[in-house]
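One letter stands for each residue in the lines below.
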Amino acid sequence: MRLLVLGGTMFVGREVVNQALRRGWSVTTFNRGRSGEDLAGVEAVRGDRSVDADVNGLAGRGPWDAVVDTSAYIPRNTLDVARRLEPTASRYALISTVSVYAGWPVEPLSEDSPMLGAPPDAGPDFGEDTEDGPTQYGYQKAGTEAAVREVFGSDRTTVLRPGVVLGPGEYIGRLPWWLRRAAAGGRVIAPSPQERSIQPVDVRDLAAFVLTCVESGECGPFNVTAPMGRETFGGLLAACAQVTGGAPQYVWLPEETLLQAGVRQWSELPLWRTFEGVWRVDSSRALRAGLDCRPLTETVRDTWQWLVETGAEQVHERAVELGLSPERERELLAMVGGSS
């Protein structure tokens, strides 16, 4: 297989490249070279996907059996890129998101759920953020899906819609924050109920499924999450305690208490959100097509090992916004009669 990866140096894209190389595939990457180092064994092409000359030059290096696009964010640009690559690529696999659904994060979702409306030639300002509802990011990603389908057609397009992606290399920092907090020990604020179901997918399982789809010719949209009901928030935090050895004492507070105290969902307590639809994403279609999700305990263990071995710091702009500050946590503990 000859594979072109748009991106390929960070998290999802890097893991796609890594696994493709392990399968013995020929891999070309296309990126600006600013976000990470190229893996040994790839044909690394430097360029900007928003520059016509760069994309035209890339197209001349084909043909490829498939394109895996991990860096599509603006519909109009995705449309231009797809048009230039279509003559030289057999298939197009796009990494999208569950945020393209109109009901996200409030309603349970399947691939048949209504999507946000966005034209394939929408510019970067299309869409808007609404409180507890659709986001401009979701509108934009919906437009990128429309762009690829317009050029490659439904029978040559695969769309992967992951929910939360965790694992080694995670730069956003949701799981790394919980791991570091567990390692620090002491009394730790946690959102009850412990049995809350969660569905994060490991980056390695997402990458493997992308390549499975490319190889088998699977087309259409796929939600990519862990199975509903298998993993819990309590299990996640127990695993964080076990792998770090930090002996945290979790203080499980009712979500009503956290909301009344003004704790910000998804940011001050990463991965915590009260809406029913957040962790009720039906991924049965992907599971039938070959998605294999490892236990969350393995994701936690391997992410901690990556953090320890690399000394990875929170350098991404989104990472610095995550987690309760020590001062904020002390306030909450004092409110419920505890101390750090």
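Residues numbered from 1 in each chain as written. Predicted model: local features only at pLDDT ≥ 70, side-chain atom pairs only at ≥ 80, totals over all residues. Heavy atoms only, no water.

K.L.:
What am I meant to see in the sheet that holds strand β3 (residues 43-46) here?
P.N.:
Taken together, the 7 strands give an open sheet; going across it, the order is β3-β2-β1-β4-β5-β6-β11, and neighbouring strands pair in parallel fashion. The sheet terminates laterally at β3 and β11 (220-224), the two strands that pair on one side only. Taking each pair of neighbouring strands and ignoring which way they run, the sheet shows an average axis angle of 20 degrees. The pairing of strand β2 (residues 26-31) with β3 spans 4 bridges and is classified as parallel. Bridge pairing in β3 places Phe30 opposite Val45. Packed onto the sheet, helix α1 (residues 11-22) meets β1 (2-6), β2 and β4 (66-69) and runs at close to 165 degrees relative to β1. Contacts from helix α2 (residues 52-59) reach β1, β2 and β3 within the one sheet, and its direction differs from that of β2 by about 175 degrees. (Pairing = 2+ DSSP bridges. Helix = DSSP H or I, 4+ residues; strand = E, 2+ residues; numbered from the N terminus. Axes fitted to C-alpha atoms, helices over the stretch in contact; angles between N-to-C directions. Contact = heavy atoms within 4.5 Å.)

K.L.:
I would appreciate a short explanation of the environment of Ser26 in the present structure.
P.N.:
Structurally, the position occupied by Ser26 is in strand β2. In this structure Ser26 comes out as partly exposed when scored by relative accessible area, which is 37%. It is 8.6 Å that separates the C-alpha atoms of Ser26 and Leu4, two residues lying 22 residues apart in sequence. Not counting the four nearest positions on each side in its chain, Ser26 is found in contact with Met1, Arg2 and Leu3. (Buried < 20%, exposed > 50% of the residue type's maximum accessible area, 1.4 Å probe, protein only.)

K.L.:
Please explain empty space enclosed by the protein as it appears in this structure.
P.N.:
Rolled over the atoms, a probe as big as a water molecule pinpoints where empty space is left. Scanning the model with the defined rule gives 2 cavities of 30 Å³ or more in all. There is about 60 Å³ of room inside the largest cavity. Around the largest cavity, the lining residues are Pro200, Val201, Asp202, Asp205, Ala226, Arg230, Glu231, Cys293, Arg294, Pro295, Leu296 and Thr299. The set of elements that each furnish at least two residues to the lining of the largest cavity consists of β10 (201-202) and α10 (296-310). Here the lining of the largest cavity is built from residues that sort into 6 nonpolar, 1 polar and 5 charged. When its volume is computed, the second largest cavity comes out at roughly 40 Å³. Together, Val98, Trp104, Gly163, Val164, Gln199, Thr225, Val278, Trp279 and Val281 line the second largest cavity. Residues that form the lining of the second largest cavity fall into these classes: 6 nonpolar, 3 polar and no charged. (1 Å grid on protein atoms, 1.4 Å probe; cavity = no way out; pocket = protein on both sides within 12 Å on 5 of 7 lines; lining within 4 Å. Points joined across faces, edges and corners; volume = space filled by probe spheres on them. Nonpolar A, V, L, I, M, F, W, Y, C, P; charged D, E, K, R; others polar.)

K.L.:
How should helix α7 (residues 233-244) be read in this particular structure?
P.N.:
The α-helix winds at 3.6 residues per turn, so residues separated by three or four positions along the chain end up facing the same way. Its 12 residues place the ends of α7 17 Å apart at the C-alpha level, agreeing with the 16 Å of an ideal helix rising 1.5 Å per residue. Every buried residue of α7 is accounted for by Phe233, Gly234, Leu236, Leu237, Ala239, Cys240, Ala241 and Thr244. Where the residues of α7 are buried, they touch α5 (174-184), β8 (186-191), β9 (197-198), β12 (231-232), β13 (248-253) and α10. Two residues or fewer past α7, Gly245 is found with a positive phi of approximately 70 degrees. (Expected span 1.5 Å × (residues − 1).)

K.L.:
What am I meant to see in the pattern of salt bridges here?
P.N.:
Think of it this way: side chains of opposite charge can pair up when their charged atoms draw near. All told, the structure shown has 22 salt bridges when counted by the stated rule. Here Arg149 makes a salt bridge to Glu145, at a shortest N to O gap of 3.4 Å. Of this pair, Arg149 and Glu145 both sit in helix α4 (residues 136-152), 4 residues apart, which is roughly one turn of that helix. Overall, the relative accessible area of 30% leaves Arg149 in the partly exposed class. Glu268 is paired through a salt bridge with Arg328; the nearest N and O atoms lie 3.3 Å apart. With Glu268 in the loop between α8 (255-260) and α9 (284-289) and Arg328 in helix α11 (residues 326-335), this pair connects stretches of sequence that are 60 residues apart. Overall, the relative accessible area of 7% leaves Glu268 in the buried class. Among the charged side chains, a network of salt bridges with common partners joins Asp202, Arg204, Asp205, Arg294, Arg301 and Asp302. (Salt bridge = Lys/Arg side-chain N within 4 Å of Asp/Glu carboxyl O.)

K.L.:
Honestly, the nonpolar core in this entry has me stumped. Any pointers?
P.N.:
Residues Trp178, Ile189 and Leu236 are the most contacted members of the largest nonpolar core, which totals 44 residues. In contact with Leu236, not counting residues within four places along its chain, are Leu175, Ile198, Leu271, Leu296 and Val300. (Core = buried A, V, L, I, M, F, W, Y, C linked by side-chain atoms within 4.5 Å.)

K.L.:
Looking at this structure, how should I read the packing of aromatic side chains?
P.N.:
Any two aromatic rings considered together are summarised by their centre-to-centre distance and by the angle between their planes. Going through the model one piece at a time under the given rule, you end up with 8 aromatic pairs. Between Phe11 and Tyr171, the aromatic rings sit 6.0 Å apart at their centres with planes inclined by 80 degrees, giving edge-to-face as the arrangement. On the criterion of sequence distance, the pair formed by Phe11 in helix α1 and Tyr171 in the loop between β7 (165-166) and α5 is long-range, its members being 160 residues apart. According to the relative accessible area criterion, Phe11 is buried, its value standing at 12%. Tyr171 sits in the partly exposed class, given a relative accessible area of 29%. (Phe/Tyr/Trp six-rings, centres within 6.5 Å; stacked < 30°, edge-to-face > 60°.)

K.L.:
What's the story with unusual backbone geometry in this structure? I'm lost.
P.N.:
With omega at 5 degrees, the peptide bond leading from Trp104 into Pro105 counts as cis. Along the chain, Pro105 falls in the loop between β5 (92-95) and α4. At the junction of Ser192 and Pro193, the peptide bond is cis and its omega measures out at 5 degrees in the coordinates. Relative to the helices and strands, Pro193 is located in the loop between β8 and β9. Notably, Asp132 is not glycine yet its phi reads approximately 60 degrees, a positive angle. Asp132 gets classed as partly exposed once you look at its relative accessible area, which sits at 38%. In the Ramachandran plot, Trp266 falls in the positive-phi region, its phi being about 75 degrees despite a non-glycine side chain.

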